[in-house]
Amino acid sequence: MILWLWLCWGFSTSTGQPDSELMARYLEEELMADYSIMEQVARRVPRQAKFLQRLETRPRMSEFTVKSTIISRYAFTTVSCTMVNSGSEAREGVFEMQIPAAAFISNFTMIIGNKTYYGEVTGKEKKHSSEDKAKHKKPPSPMDGRENGYETFKASVFIPRKMQAKFLLHYEELLQRRLGKYEYMVSIRPQQLVGRLRVEVNILENSGIVSLEVPPLRNSKHKGNGKVEGDVSPPPSTVVGHTKTLAKVTFNPSVVEQTRIARNGILGDFIIRYDVNRELSVGDVQILNGYFVHYFAPIDLPPLPKNVVFVLDSSASMVGTKLKQTKEALFTILQDLRPEDHFNIVGFSNRIKVWQQDRLVPVTPNNIRDAKKYIHTMSPTGGTNINSALQTGAKLLNDYIAQNDVDARSVSLIIFLTDGRPTVGETQSSKILSDTKAAIRDKFCLFTIGIGNDVDHKLLERMALENCGMTRHFQEDEDAGSHLKGFYDEIGTPLLSDIRIDYSEDNVEQVTQNFFPNYFNGSEIVIAGKLINRTSDSLHVEVTASNSKKYILLKTDVAIDLPSRNDIRGVPGLEDGKGDKNYIERAWSYLTIKELLNSRLKTDDNQEKEYLTEKAKSMALAYNFVTPFTVLKMREAGLHSEPPQEELISPSTDGIGEKLQSLQGHRAPPGIRRQQDKQRIRISKTSADGDPHFIIDFPSGKFSVCFNIDGEPGDILRLVSDHKESGVTVNGQLIGAPAPPNGHKKHRTYFSTITILSNKPERSYLEITPKRIILDDGERLLLSCHRSATVRSRSLEVSIFANSNITVTIRDTISFVILIHHYKKPAPYQRNHLGFYISNSKGLSSDSHGLLGQFLNHEVKLLQESLNTSHQQVGQNQTEALKPNPTNTLKVKGRLVPVVWKQRRIYNGQQEVDCWFAKNNAEKLIDGSYKDYLASHPFDTGTSFGTINSL
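For the protein chain, the helix and strand inventory stands at 17 helices and 51 strands. Relative to its full complement of 951 residues, the protein chain shows a buried share of 56%. For the protein chain, long-range pairs separated by at least 24 residues make up 69% of all intrachain contacts whose partners lie at least 6 apart in sequence. Taken as a whole, the protein chain presents about 40,600 Å² of accessible surface, with 48% of it coming from carbon and sulfur.

Have a look at this one:
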C-alpha cells in the first residue's frame, strides 16, 4: 500500500491546536515519575504465576498504534505493532488483529531486525499441492477465526534474540450509516499491556460533521445496537476535538489505565460515531478525477406504513436466555409499531405456530396486548423447520397483499430469527433458497438474524441477498434481545420505497447498484461510478421514489469541475501524500467488488459464477485488495518454516539511562553511547534561570536586557514558539517554594520541567526534569540525568553531562542547553530546578515568539534619558559611559520602556552579567502581558502570540 495510508494527519500541529498525544503522555509520566513506583507497578500488574511465565516466554509488545483517516465516509486504517524479544533465544511472535468483516486488507509489511518483508496481493490458486501447503505454513491470513462482524488477521514470525519485529497492517472500508450514525470501530486487543498504546482517528467531511461521540469501550459481550444505559463517557485518556469539517480523536491510555480496564490486554472495541449535515435533495454528489460517489439519505420524511411478519425460532436449542431475551425484545418492538402498521407472529420448531391464522392484524392496544400474551406462552421444544416457517410467513404476506386494499406505497417485510440449521422438513440449503425466492416473488424483503455458532451463516446471508434484505449474525454469549431490537430499529421506519437514481447516460459508466426497494430512516444509499465525458461541465442526477403521500422526483445538475471541494491535497494534516490518492476512486472500487461478490453468491449458474469471480479478482488485484479470490503473500519464501538466523544488537547500551523495560517495552536503540568526557558547551547569555530571571543578549548593541516573571506555581510559560515555521516549541513549568525570611516576595518559583517539541521533519518531543529525560521520536526512551550519554536520531541529538547539563540539538541549526540545579541540603525556599539557555538560534524563523523567542531576530535600541525628556540614540561605544546613570529607556517596536541598571549571575553563579532591567513583569518590553504567555499544558504548541490550542 502506498505510504500515504499510514501518514495520518498532524491535525493539531497544523492548526495551532494542542497535541493530545503529548498531553496524554505527560499525564502518564506524572503518574509514574518515580522509578520505584514504576517497578512496583511492573511487579503488581501480572499477579498470577502462569501469566508471569507466559510473559517470560513470549515477545513483549512495546508499541500498538492505530492511525485512521476517514475522508467522506471512506476509512483508511493502519495498524502498527512492535514486538521485542529480550530473551536469550529466538521466539515466535504472533500478531493478531480483528478487523471489520466488511473491510479489505490493502497491505501488510513485516520488519524483522534490519530485514523488511513486503506483502503482495496475488490471485488465489484453485488448488494447492501438499508441498505448497507445507511450504506456506502459517501464512498471514485475514480469515483465521471469524466472529460477529469481524475477521481475525493473524501472522507469525520468529524473532531473533535481542531484536524486535514490527508489523504494519493496512485496511480500508466504507462506513455504513445505521440508526443515523456512521460507526468506526477499531479492536484494541493486544493481549498484553503495552508501553505505547495509541489510537488516532482523523475525519474530514466537507458536508460538515455533527453529533460526534465516543462511547465507552465495548467488549464482545455487549455488542448490539450501542444503546446501553449510561453509555456516555469516552474511555479514559480519550481526547476529542473538531471544527466544522475536521475532527481528531485520540485514545492514549497509560499502562496504569490499561490495567484498570483489562489486565489481560483485551480492552475491547474503540468506537467513534458521527453524522454529517444533510438536506432533502438529491444528496451529496462528490466528483474527483473522473470518478463520482453519491450519498443519498433524505431526512424529515413521514414514515411509510409497514406490513411485517415476525418468524421466530422456538426450537429446543433456544431454551434459556436466548428465548427469554428474544421475548423481551419483541415486547419492546411491538410497542414501537405505529397505528398504520399491520403485523403477525409465526413461531416454529418441528411445528409451525401462527398467532393469527390467515391474516395480518392492525396495530391496536388490544392486539398488542394479545400478541404479548402469545409470545409469553412460547416454549422451546423440538427441531428446526426453517423452510416451512418461511413458506408460512411468505404466504401470510402474499395473501394479505392480494386480498386487501394495501397501500401501494407501504412496505412489506419478514423478520426471521434462528439459532440453528434446518433439521426438520426440507434440510437442503439450495432447495430452501429456491423455495423462499419462489414464495416471495420479489414482492417484499426478507431480513435474517442468526444467533450462535450452529447457525448456517451462508444460508441466511444468501436468503437475505436474494430477497432484497440484510442479515446479521451474533455470538451465543451476546445479548440476543438487544441485537434483535437494534436490527429492528434499523429497518423499522421505512421512509421511501422503489428508489431509483439515474445519471446522464452519455456521462457515466460502470455505475454500481442504482435501484433500491426501500430506504430506512437512519440509513444511507451509496452509488459510485466512472465519468466518460470529461468535456461536460455538469452531471445530471435524477432521483425517483415514493413515500407515504406521493411520488417524489428530484433533479439537479452537479458541477464536474470541483477540485476546490473534493481534492484534499492541501487540507491541513494531509500534506504528506494522502491527498495524492483518489479516495472516491477507492470507494468506487470497494463498492464494485462488494457487488460482484454478492452477485456471485446469489447465482447458481457456474459460468456466470466464474465470470464474476474473475472480474472481482481482476479489480481486487488492480486496487491491491485482499478478497475471497486474492491472497496476501510475503515476498520472502519460507518465513515461518525456520527461525531466521540470530543477529545481535550493537552497540551495547549497558548502563545507559533508566529504561522501563517491563512496562514501556523499550530498549535503548542503536546510536546511544557513553559520553563521560564531553566538555561543557559554550552557551549564550540569553536564558531563563533561577526564580526565574530572564536575560536577553543583544551582541550587536553590546548590552543585555533582563526581567523577572513573578508567576504562580503550576504556571506553564511559553519560552520559544516557532511551531509554524521551524516546528519548534519550548515550554517551562513552574514549581513553587516559600519565600526566604524577610524577602519581599510571597513565594519563589522555579522551572521544574522543560518541554521541547519539534515536528519537522518528523514529530518528536523531550520532557526534561532534574531527574530524568523522556525522549519520544517514534521510539520511546527514558534516560536518567545522573548518567552521561548521547542519543541521536535523524534530526535530533540529546547529550547528557551527568548531574550538570543537557544539550539538545535540532537539525544542527538550533541548540538549547538546560542546566540542572541540584541541592544536596536544600533550604526550605530552595527546590531542585532547571535553567534554560539558547545556544544556537539560527534555525529559528524571524516569526518566532515566546518570552525569549520574540527577541531573537529583533533589535532593541537603548536611549539616553535627558533632563528635557528628549531622546538621543546611544552608539555602541557609549554603552560603557552610560553605566553610572542608573536609569535609561529602551525602544522596543515603537514602545518606550524605562529600565534600570542591574547585575545578574548565570551559569550556576559562575558568570556575572550587567543588564538593563525592565520592571513589572516586563511590562511594555514584551508583546502583550505576562498572562498572554501562559500555555494550557506542557505540550501546548500555540502557533502565534495570544493563541492557545483548543483541540
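Our focus in this paragraph is the state of the cysteines. Within the structure shown, the criterion is met by 2 disulfides. One disulfide bridge connects Cys445 with Cys468, the sulfur atoms lying 1.9 Å from each other. When the S-S torsion is -110°, as for the bridge of Cys445 with Cys468, the disulfide is left-handed. Here Cys445, found in strand 23 (residues 445–451), pairs with Cys468, found in the loop between helix 11 (457–466) and strand 24 (471–474); they are 23 residues apart in sequence, far enough to count as distant. With relative accessibility at 2%, the residue Cys445 sits in the buried group. Through a disulfide, Cys706 is tied to Cys915; the S-S separation comes to 2.2 Å. Here the S-S torsion is close to 75°, and the disulfide linking Cys706 with Cys915 is therefore right-handed. Note that Cys706 is positioned in strand 35 (residues 703–708) and Cys915 in strand 51 (residues 911–918), a separation of 209 residues in sequence. Note on Cys706: relative accessible area 0%, which makes it buried.

Another aspect to go through is the nonpolar core. Among the nonpolar cores identified, the biggest contains 55 residues, and Phe694, Phe707, Ile756, Phe816, Phe836, Leu890 and Leu925 are the most heavily contacted of them. Ranked by the residues each element gives to this core, the list is headed by strand 45 (residues 814–821), at 4 residues. Here Phe836 is in contact with Thr686, Ser687, Ala688, Leu719, Val720, Val730, Ile754, Phe816, Val817, Ile818 and Leu852, once residues within four sequence places are set aside.

Here the focus is the packing of aromatic side chains. Taken as a whole and assessed by the stated rule, the structure comprises 25 aromatic pairs. Seen in terms of ring centroids, Phe447 and Phe520 are 5.9 Å apart; in terms of plane orientation they differ by 75°. Their pairing is edge-to-face. Of this pair, Phe447 sits in strand 23 while Phe520 sits in strand 27 (residues 515–520), and the two are 73 residues apart along the sequence. For Phe447, a relative accessible area of 2% puts it in the buried group. Overall, Phe520 belongs to the buried group, its relative accessible area being 8%. Arranged with centres 5.2 Å apart and planes meeting at 80°, the rings of Tyr765 and Phe939 form a pair that is edge-to-face. Placement of Tyr765 in strand 39 (residues 764–768) and of Phe939 in the segment after helix 17 (919–922) is noted, with a sequence separation of 174 residues between them.

This next bit is on the sheet that holds strand 12 (residues 209–213). Reading across from one edge, 9-10-15-12 is the order of the 4 strands in this open sheet, with antiparallel pairing throughout. Whereas interior strands pair on both sides, the edge strands pair on one side only; in this sheet they are strand 9 (177–178) and strand 12. When strand 9 meets strand 10 (residues 181–188), the two strands line up antiparallel, connected through 2 bridges. Considered in strand 10, the bridge of Arg178 is made with Lys181.

Right, let's get into the packing of helix 11 against helix 14 (residues 583–602). Between helix 11 and helix 14, whose axes approach to 9 Å, the crossing angle comes to 105°. Between helix 11 and helix 14, the angle is such that the two are roughly perpendicular. Where helix 11 approaches helix 14, its residues Glu461, Arg462, Leu465 and Glu466 are matched on the opposing element by Asn598, Leu601 and Lys602.

Further remarks concern the sheet that holds strand 14 (residues 246–251). A sheet is described by the order of its strands in space; here 9 strands give the open sequence 13-14-11-1-2-8-4-5-31, paired in mixed fashion. If you trace the sheet from one side to the other, it starts and ends with strand 13 (238–242) and strand 31 (630–634), each paired once. Adjacent strand axes in the sheet meet at a mean angle of 10°, parallel and antiparallel pairs treated alike. Alignment of strand 11 (residues 196–204) against strand 14, held across 6 bridges, turns out to be antiparallel. Following the sheet pairing, Glu200 is matched in strand 14 by Thr250. Contacts from helix 15 (residues 606–622) reach strand 5 (115–123) and strand 31, with the element oriented near 155° to strand 5.

Attention now goes to unusual backbone geometry. Cis geometry marks the peptide bond from Asp691 to Pro692; its omega dihedral reads -5°. Mapped onto the elements, Pro692 comes out in the loop between strand 33 (687–689) and strand 34 (693–698). Located in the positive-phi region is Arg73, a residue other than glycine, with phi close to 75°. Locating Arg73 in the fold gives a position in the loop between strand 1 (60–71) and strand 2 (74–85). The phi dihedral of Arg441 falls on the positive side, at around 55°, and the residue is not glycine. By secondary structure assignment, the location of Arg441 is in the loop between helix 10 (429–440) and strand 23. Assessed through its relative accessible area of 48%, Arg441 is described here as partly exposed.

Here we take up the side chain of Gln258. Secondary-structure assignment places Gln258 in helix 6 (residues 255–261). Of the residues examined, Gln258 reaches a relative accessible area of 0% and is grouped as buried.

This part covers the packing of helix 14 against helix 15. Two elements in contact, helix 14 and helix 15, have axes whose closest approach is 9 Å; the angle formed by their N-to-C orientations is 160°. The pairing of helix 14 with helix 15 is recorded here as roughly antiparallel in orientation. In this structure, the crossing between helix 14 and helix 15 has a hand that is left-handed. Here helix 14 contributes Trp588, Ser589, Thr592, Ile593, Leu596, Leu597, Ser599 and Arg600 to the contact with helix 15, which in turn contributes Lys609, Leu612, Thr613, Lys615, Ala616, Met619 and Ala620. A breakdown of the residues in the contact of helix 14 with helix 15 according to their chemical character gives 8 nonpolar, 4 polar and 3 charged.

Turning our eyes to something else, we now look at the side chain of Thr326. Mapped onto the secondary structure, Thr326 falls in helix 7 (residues 321–336). A distance of 2.7 Å separates the side chain of Thr326 from the backbone oxygen of Lys322, its partner in a polar contact.

Applying the stated criterion across every chain, the model contains 36 salt bridges. The salt bridge involving Glu213 is made with Lys181; its shortest N-O contact spans 3.2 Å. Residue Glu213 is located in strand 12, and its partner Lys181 is located in strand 10; the two are separated by 32 residues in the primary sequence. Here Lys437 and Asp442 are joined by a salt bridge, their closest N and O atoms 3.9 Å apart. What makes Asp442 exposed here is its relative accessible area of 66%. In this structure, a network of salt bridges that share partners links the residues Arg73, Arg177, Glu205, Asp275, Arg278, Asp284 and Glu524.

The pLDDT averaged across the protein chain works out to 79; a share of 77% of its residues lies at or above 70. The low-confidence segment residues 572–580, where pLDDT is below 50, has 28 contacts with residues more than four positions distant or belonging to other chains. Across residues 637–680, where pLDDT falls below 50, the model places 112 contacts with residues more than four positions away in sequence or in other chains.

You can see Ile352 is positioned in strand 20 (residues 352–354). Owing to a relative accessible area of 27%, Ile352 belongs among the partly exposed residues under this scheme. In sequence terms Ile352 and Ala389 are 37 residues apart; their C-alpha atoms lie 6.1 Å from each other. When sequence neighbours within four positions are dropped, the list of residues in contact with Ile352 reads Val346, Gly347, Asn385, Ser388, Ala389 and Thr392.

Basis of the calculations
Residues numbered from 1 in each chain as written. Predicted model: local features only at pLDDT ≥ 70, side-chain atom pairs only at ≥ 80, totals over all residues. Heavy atoms only, no water. Helix = DSSP H or I, 4+ residues; strand = E, 2+ residues; numbered from the N terminus. Buried < 20%, exposed > 50% of the residue type's maximum accessible area, 1.4 Å probe, protein only. Contact = heavy atoms within 4.5 Å. Areas by Shrake-Rupley, 256 points an atom, 1.4 Å probe, with all protein chains shown as cover. Disulfide = S-S within 2.5 Å. Core = buried A, V, L, I, M, F, W, Y, C linked by side-chain atoms within 4.5 Å. Phe/Tyr/Trp six-rings, centres within 6.5 Å; stacked < 30°, edge-to-face > 60°. Pairing = 2+ DSSP bridges. Axes fitted to C-alpha atoms, helices over the stretch in contact; angles between N-to-C directions. Parallel < 35°, antiparallel > 145°, perpendicular 65-115°, else oblique. Left-handed = near helix turned anticlockwise from the far one by under 90°. Nonpolar A, V, L, I, M, F, W, Y, C, P; charged D, E, K, R; others polar. Polar contact = N/O pair within 3.5 Å; in protein donor to acceptor, adjacent residues only side chain to side chain. Salt bridge = Lys/Arg side-chain N within 4 Å of Asp/Glu carboxyl O. pLDDT = per-residue confidence, 0-100.

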